[in-house]
Amino acid sequence: MQQREFITRAQKALIKHGIIGSRAKALLEEWNDHLQSEVEKLVAGGQDRESSYQDACKALGEPESLVDSAAKQLAMESWQGRNPVLSSGILSVVVFLLGILVMTGGGFLLIAGWKNLSAEIMQSLINFINTLPWIVGLCWLAYHARKMPLGWKGLWFVTAFTAIVPGFMGFFFEPPTNGPGTGSMGFFLTWISYKPFDFILKFIITSGLTSFFWWYQTRGQKLKDGNQFLQ
Amino acid sequence: LTYLLAQGIKAEMKKELFIDGVPELLLLRLLAQNEMYGYELVAKIHSISDGAFSFGEGCIYPILHRLVGDRCLSIRKETVSGRPRRYYRLTAKGNKRLSQLENSWSKVSAGISKFGKDSIHATA
């Protein structure tokens, strides 16, 4: 195995494990330096360059198993990685509850200021409050895309959660126009989405964002041309 | 284990000391002496321990990067023979972390030494 093959295979394995961006770059730089330093040592000892590369690659191990152990080590470094089920499941529920909390907060702000708002502005604000749990979900998704604590599986799980769950939540507000105690405010959950168009739009945007991110990070062209580690 | 717990070793420390803490401790100890790069560290660990500690390259580099993220190590990049190389150096925070690990490790080591052949026979 030669340096090019080693680095390319390692790069592919890193992407497969969801180790991307600066973390992947740092690891590849280290492994490349490791490989080259080993080759230099062997060449200095009198071995020819060709067989030195082969021996150095052999000593470093198969790129896939090297990446496997790096992925395990990286997972051990974070609480989420050590508790994947708990963190992806429970934390998503926490995010969902946070979405409800934000929605309720928005509702209270509406109660405080409804007298100064026109009907159109109030409707826009109700729509915005309806969107808040989804926005919270998107922030949670962005965190996952940035840190990738659970790899691609975790990212797609959070995507599905963000694309589906907030779409089943609704917020309603009736101002107390006929005197105190006549208005109503609250949120509801429905099995059948109360606004199908809203639901579909959120679903498309969320899965579209993740699909684009996934395509951008795993696109084949990058693997062919983007290898700046080869000399 | 009861003895170790009586010495005040908390649950998270047990994991840290016996599994994850060892490579971290060795890395910090080596970097306390000198600024080094990844390959140099791996080779040093292997040679000083006479091959007893042979942590995979897949394991060492993520630990180094985490220590950089935790600001226990600082990093300096240099281009050597046309390739980038990262030199690691211990920071004040890393020094503190090293003292903590050494302190905990000496407790574990003292605890284990109590289980020497003679002391077990004497207790029996």
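Everything discussed here concerns the structure shown above.
### Description of the packing of helix α7 (residues 119-147) of chain A against helix α8 (residues 151-164) of chain A
All names here are of chain A.
1) Next: Direction vectors running N to C along α7 and α8 enclose 175°, while the axes themselves pass 9 Å from each other. One element, α7, and the other, α8, form an angle in the roughly antiparallel class. On the side of α7, the interface is formed by Trp134, Gly137, Leu138, Trp140, Leu141, His144 and Ala145, while α8 contributes Gly154, Leu155, Val158, Thr159 and Thr162.
2) Next: Split into classes, the residues belonging to the contact of α7 with α8 amount to seven nonpolar, five polar and no charged.

### Topic: the pattern of salt bridges
1) Next: All told, the structure shown has 16 salt bridges over all chains when counted by the stated rule.
2) Next: Between Arg9 of chain A and Glu5 of chain A there is a salt bridge, with the nearest N and O atoms lying 3.2 Å from each other. Of this pair, Arg9 of chain A and Glu5 of chain A both sit in helix α1 (residues 3-16), four residues apart, which is roughly one turn of that helix.
3) Next: Of the charged contacts, one joins Arg83 of chain B and Glu40 of chain A as a salt bridge, the two residues approaching to 2.9 Å between their closest N and O atoms. Linking Arg83 of chain B in strand β3 (residues 83-90) with Glu40 of chain A in helix α2 (residues 21-44), this pair reaches from one chain into another.
4) Next: What emerges from the salt-bridge pattern is a single network uniting Glu5, Arg9, Glu62 and Glu64 of chain A.

What counts, and where the lines are drawn
Residues numbered from 1 in each chain as written. Chains lettered and ligands numbered in written order. Predicted model: local features only at pLDDT ≥ 70, side-chain atom pairs only at ≥ 80, totals over all residues. Heavy atoms only, no water. Axes fitted to C-alpha atoms, helices over the stretch in contact; angles between N-to-C directions. Helix = DSSP H or I, 4+ residues; strand = E, 2+ residues; numbered from the N terminus. Parallel < 35°, antiparallel > 145°, perpendicular 65-115°, else oblique. Contact = heavy atoms within 4.5 Å. Nonpolar A, V, L, I, M, F, W, Y, C, P; charged D, E, K, R; others polar. Salt bridge = Lys/Arg side-chain N within 4 Å of Asp/Glu carboxyl O.

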